[in-house]
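Chain by chain, the residues:
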Amino acid sequence: MGPRLFLGTCFGVLAAATLLAAAVGVWLISSALPDDEGGAAIRSLVILYGGGIGCVLVGLIALVWAYLDHALAAPLAAVVRGIQTAVYARAEPRIEIEDGHEIGGLPAAVNDLVLKLVQARNSVEDAVTEATRSLEQQKNQLAVILQDLSEGVIVCTLNHTILLYNHRALKLLHIGGDIGLDRSLFTFMNRQPVVHCLGRLTNRIADGRHTDHPEGVMASFVAATCDGRHILDTRMSLILDPGGDPSGYVLTFDDDTEELAALGLRDRLLREATEGLRAPVASLTAAAEILSGNPAMDANQQAKFKQVILSESRYLADRLERLSAHYRDIITDHWPMSDI
């Protein structure tokens, strides 16, 4: 209930009570008079004066109500509307009240308060705008830096939701289009290595071992794409809040699929060079020892052993040539080349 309605209700009840009191008084006086001619005349006068007094009192009440409504209720209602406008409107309102009010310096005080509110609101908005602009600028700078990296970079929350990434990550994960923010990392990378590494780092921080650990809040691991076709050499770095608690992590990774395949091929070549050449070398050694230990051997037997030595030597030469060719192919495929 507003002040004007409350004041009107109170004075309406007062006017009704006044009329009722006048009517009751007239009735009581009239009932006490005799029924003769003199009593009837007095009764008429009582009714006339009683009704007149009641009307005069109601008129006075109406005048008092009108004055109070103009001097108090209406200005207070205007102040309330002005405050509501200042709270919800974006403009700078000013409460204007007609002269003749009886609320003293309340409008001026409310105007000062509204002015301070608007100034504080503008200051907050300016600060938020500046902080947003600075944050956007830093984000753009970070995005530019990430684009220049030769490694894939993905920034995630502790719930493994992607916050930021660079285009190199798209190529290494073999994703067409964009990853899309707020998506799960495990849509593109297998889960177990990431969760295991995150658990290791969080335990390291919980135990306080990250302060003197050689890698601090970083750890390396090997992951793979969800289809398992590409092996990723990955490094995780935790993001710590001002309180020193983890708030997210950064993954930097590169595709090691070809490197691992090359390592496997090198291992196979090394195994062939050690195990595959053992039998021919043993045959050569045995034939040479027999020839050197039996100088009186006849010509036919010497010819047989010499033929063994010749065939095994040719086999070793061919085998070494093939191994050398395979090794050269591996080296030239992975040798870094630059434009000159």
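Refer to the structure presented above.
Since this is a predicted model, take the numbers as computed values, not measurements. (Residues numbered from 1 in each chain as written. Predicted model: local features only at pLDDT ≥ 70, side-chain atom pairs only at ≥ 80, totals over all residues. Heavy atoms only, no water.)

## Here we look at the overall build of the protein
- Regarding its fold elements, the protein presents eight helices and five strands.
- Expressed as a percentage of the 340 residues in the protein, the buried residues total 26%.
- In the protein, the share of contacts with a sequence separation of at least 24, taken over all contacts with a separation of at least 6, comes to 49%.
- If you sum the accessible surface of the protein, you get close to 22,100 Å²; carbon and sulfur atoms cover 61% of it. (Helix = DSSP H or I, 4+ residues; strand = E, 2+ residues; numbered from the N terminus. Buried < 20%, exposed > 50% of the residue type's maximum accessible area, 1.4 Å probe, protein only. Contact = heavy atoms within 4.5 Å. Areas by Shrake-Rupley, 256 points an atom, 1.4 Å probe, with all protein chains shown as cover.)

## Looking at the pattern of salt bridges
- Under the counting rule described, the total for this entry stands at four salt bridges.
- Between Arg168 and Asp254 there is a salt bridge whose closest N-O contact spans 3.8 Å. On the criterion of sequence distance, the pair formed by Arg168 in helix H4 (residues 167-173) and Asp254 in strand S5 (residues 246-255) is long-range, its members being 86 residues apart.
- Taking relative accessible area as the criterion, Arg168 reaches 30% and is therefore assigned partly exposed.
- Residue Glu215 pairs with Arg235 through a salt bridge whose shortest N-O separation is 3.7 Å. On the criterion of sequence distance, the pair formed by Glu215 in the loop between helix H5 (191-206) and strand S3 (218-224) and Arg235 in strand S4 (residues 231-240) is long-range, its members being 20 residues apart.
- Residue Arg235 is classed as partly exposed on the basis of its relative accessible area of 27%. (Salt bridge = Lys/Arg side-chain N within 4 Å of Asp/Glu carboxyl O.)

## Considering the nonpolar core
- With 28 residues, the main nonpolar core has Ile154 and Leu185 as its most contacted residues.
- When contributions to this core are tallied by element, the ones reaching two or more residues are strand S1 (152-157), strand S2 (162-165), H4, H5, S3, S4 and S5.
- Broken down by element, the residue count for this core peaks at five residues, all from H5.
- Leu185 has contacts with Ile154, Cys156, His160, Ile162, Val194, Tyr249 and Leu251, leaving out every residue within four places of it along the chain.
- Of all hydrophobic cores here, the second largest spans six residues; its members include Val79, Ala86, Val114 and Val118. (Core = buried A, V, L, I, M, F, W, Y, C linked by side-chain atoms within 4.5 Å.)

## Some remarks on a nonpolar patch on the surface
- Among the surface-exposed residues, Leu45, Leu48, Tyr49, Ile53, Val56, Leu57, Leu60 and Leu63 lie close enough to one another that they form a single nonpolar patch of about 830 Å² accessible area.
- Its location among the elements puts Leu57 in helix H2 (residues 37-88). (Patch = residues over 30% accessible without salt bridge, like charges linked within 9 Å, V, L, I, M, F, W, Y side chains within 5 Å.)

## Describing the environment of Val155
- Mapped onto the elements, Val155 comes out in strand S1.
- Residue classification places Val155 among the buried residues on the basis of a relative accessible area of 14%.
- Sequence-wise, Val155 and Leu185 are 30 residues apart; in three dimensions their C-alpha atoms are separated by 9.6 Å.
- Dropping the residues within four chain positions of it, Val155 is found in contact with Thr161, Ile162, Leu163, Leu164, Ile239, Tyr249 and Val250.

## What to know about the sheet that holds S2
- The strand order across the open sheet formed by five strands is S2-S1-S5-S4-S3, and the pairing between neighbours is antiparallel. Since the sheet does not close on itself, it has two edges, and those belong to S2 and S3, each with one partner. Recorded for the sheet is a direction-independent mean angle of 25° between the axes of neighbouring strands.
- As paired elements, S1 and S5 share six bridges and run antiparallel to each other. Looking at S5, one finds that Gly152 is bridged to Phe253.
- With respect to the sheet, H5 is in contact with S3, S4 and S5, its orientation differing from that of S3 by roughly 170°. (Pairing = 2+ DSSP bridges. Axes fitted to C-alpha atoms, helices over the stretch in contact; angles between N-to-C directions.)

## Topic: the side chain of Asn166
- Relative to the helices and strands, Asn166 resides in the loop between S2 and H4.
- For Asn166, the side chain forms a polar contact with the main-chain nitrogen of Ala169, separated by 3.1 Å. (Polar contact = N/O pair within 3.5 Å; in protein donor to acceptor, adjacent residues only side chain to side chain.)

## A closer look at the pairing of S1
- Counting buried residues in S1 gives five out of six residues, a clear majority hidden from the surface.
- As defined by bridge partners, S1 adjoins S2 across three bridges and the pair is classed as antiparallel. By the bridge assignment, Cys156 is partnered in S2 with Ile162.
- Adjacent in sequence and paired antiparallel, S1 and S2 are bridged by four residues, among which His160 carries a positive phi angle near 65°.

## Description of the environment of Gln307
- For Gln307, the location among the structural elements is in helix H8 (residues 299-334).
- Under the relative-accessibility criterion, Gln307 is labelled partly exposed at 47%.

The quantities given are spatial measurements derived from coordinates; they are silent on function.
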